[in-house]
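What follows is the residue order along each chain.
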Amino acid sequence: MVLTTLAYGTVHYWALAAFALSAAGVVCLWCLDGLVLRSARLSRNALQLPLLGLVVLGLIQLLPLRTADNAGLTLSPVRALSLDPYATRLVLVQVAALLIYFIATLVFTDTPRGCARLSEPSPSFGFPVGDVCLTQSFTSDGTRVYWFRQLAQSTAFGPFINRHHFAGYMELASRCPSACCFRERSKATSVRFTRLPP
């Protein structure tokens with residue numbers, strides 16, 4: 001929530017690549033945690049199923065199931081079900097990274113201490129970002145990010161390229177602590193798979 005905000009709201013390809021690599025790093029650390037503890041934890045929460053369904057839907061759209069009829073054109077047609085396989089792959093990587101972070105959050109914040117660690121940085125970072133955004137909106141014309149990067153076709157607000165992204169971020173930052181308070185009521189949200197010694 002902090003680094004993706006500072007990277008212009010993570011809308012550029014370099015920021016999306018860094019986000020996907022960080023999700024891969026989370027998987028590596030998760031595997032290392034499982035090796036050290038000799039057990040792996042997975043969440044039983046049903047909220048992760050829609051994101052998993054989006055990943056499956058994206059994989060189905062990339063299957064080469066259409067006929068290769070080019071109708072007399074010199075261009076080779078797309079054989080995948082998706083009309084834009086490149087965009088489908090890009091969104092598939094983004095959704096998979098979000099799924100990794102979501103599952104890791106469900107697994108590693110299933111205690112009151114974990115929820116407190118997740119909820120504390122959210123308002124303490126969200127309020128300064130809101131202050132910077134409001135200050136920038138009053139002191140600039142709305143075409144610059146961080147007062148120095150000029151934008152051609154969008155209306156910036158603070159670190160975000162699009163001012164509507166700021167509104168979504170503020171909703172996320174304000175709801176995260178309350179979500180963790182509700183989370184403390186359900187204790188059995190994850191299951192641990194233990195590998196028995198031979």
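Refer to the structure above for everything that follows.
Conventions and cut-offs
- Residues numbered from 1 in each chain as written.
- Predicted model: local features only at pLDDT ≥ 70, side-chain atom pairs only at ≥ 80, totals over all residues.
- Heavy atoms only, no water.
- Helix = DSSP H or I, 4+ residues; strand = E, 2+ residues; numbered from the N terminus.
- Buried < 20%, exposed > 50% of the residue type's maximum accessible area, 1.4 Å probe, protein only.
- Areas by Shrake-Rupley, 256 points an atom, 1.4 Å probe, with all protein chains shown as cover.
- Axes fitted to C-alpha atoms, helices over the stretch in contact; angles between N-to-C directions.
- Parallel < 35°, antiparallel > 145°, perpendicular 65-115°, else oblique.
- Left-handed = near helix turned anticlockwise from the far one by under 90°.
- Contact = heavy atoms within 4.5 Å.
- Polar contact = N/O pair within 3.5 Å; in protein donor to acceptor, adjacent residues only side chain to side chain.
- Phe/Tyr/Trp six-rings, centres within 6.5 Å; stacked < 30°, edge-to-face > 60°.
- Disulfide = S-S within 2.5 Å.
- Patch = residues over 30% accessible without salt bridge, like charges linked within 9 Å, V, L, I, M, F, W, Y side chains within 5 Å.
- Salt bridge = Lys/Arg side-chain N within 4 Å of Asp/Glu carboxyl O.
- Expected span 1.5 Å × (residues − 1).
- Arc of directions from axis to C-beta.

A few words now on the overall build of the protein. Counting its secondary structure elements, the protein contains 7 helices and 4 strands. Listing the helices and strands of the protein from first to last along the sequence gives α-α-β-α-α-α-α-β-β-α-β. Across the 198 residues of the protein, 29% fall into the buried class. Carbon and sulfur atoms form 69% of the exposed surface of the protein, whose accessible area is close to 13,000 Å².

Another point: the packing of helix 3 (residues 48-61) against helix 4 (residues 85-108). Two elements in contact, helix 3 and helix 4, have axes whose closest approach is 9 Å; the angle formed by their N-to-C orientations is 155 degrees. With respect to helix 4, the element helix 3 is oriented roughly antiparallel. Our pair here, helix 3 against helix 4, has a crossing hand that is left-handed. Residues Gln48, Leu51, Leu52, Leu54, Val55, Gly58, Leu59 and Gln61 of helix 3 lie in contact with helix 4, whose contacting residues are Thr88, Leu92, Val95, Ala96, Leu98, Leu99, Phe102, Ile103 and Leu106.

Tracing the sequence through the fold places Gln48 in helix 3. With relative accessibility at 11%, the residue Gln48 sits in the buried group. A polar contact of 3.1 Å, which involves the side chain of Gln48, links it to the backbone oxygen of Asn45. If sequence neighbours within four positions are ignored, Gln48 has contacts with Ser43, Leu99, Phe102, Ile103 and Leu106.

The backbone of Arg38 sits at a positive phi, close to 60 degrees, despite the residue not being glycine. Here Arg38 lies in the loop between helix 2 (13-37) and strand 1 (39-43).

Bringing the packing of aromatic side chains into the picture now. According to the stated counting rule, one finds 1 aromatic pair in the structure shown. On the basis of an interplanar angle of 15 degrees and a centroid distance of 5.3 Å, the ring pair of Phe19 and Tyr101 is categorised as stacked. Placement of Phe19 in helix 2 and of Tyr101 in helix 4 is noted, with a sequence separation of 82 residues between them.

Let us look at the state of the cysteines. Note on terminology: disulfide describes a covalent bond linking the sulfur atoms of two cysteines. Scanning all chains against the criterion turns up 0 disulfides. Looking at the unpaired Cys28, the closest cysteine sulfur is the one in Cys31, lying at 6.6 Å. According to the relative accessible area criterion, Cys28 is exposed, its value standing at 53%. Assessed through its relative accessible area of 48%, Cys31 is described here as partly exposed.

There is a patch of nonpolar side chains on the surface, built from Leu49, Leu52, Val56, Ile60, Leu63, Leu65 and Leu81 and spanning about 610 Å² of accessible area. Secondary-structure assignment places Leu52 in helix 3. With a relative accessible area of 42%, Leu52 lands in the partly exposed category.

Within the secondary structure, Arg41 sits in strand 1. Given a relative accessible area of 18%, Arg41 falls into the buried group.

Glancing now at helix 3. Between the first and last C-alpha of helix 3 there are 20 Å, a value that for 14 residues agrees with the 20 Å anticipated at 1.5 Å per step. Listing the buried residues of helix 3 in full gives Gln48, Val55 and Gly58. Down the axis of helix 3, the buried set is contained in an arc of 85 degrees. They therefore lie on one face. For helix 3, the exposed residues lying more than 90 degrees away from the buried face are Leu49 and Pro50. Looking at the buried positions of helix 3, the neighbouring elements they touch are strand 1 and helix 4.

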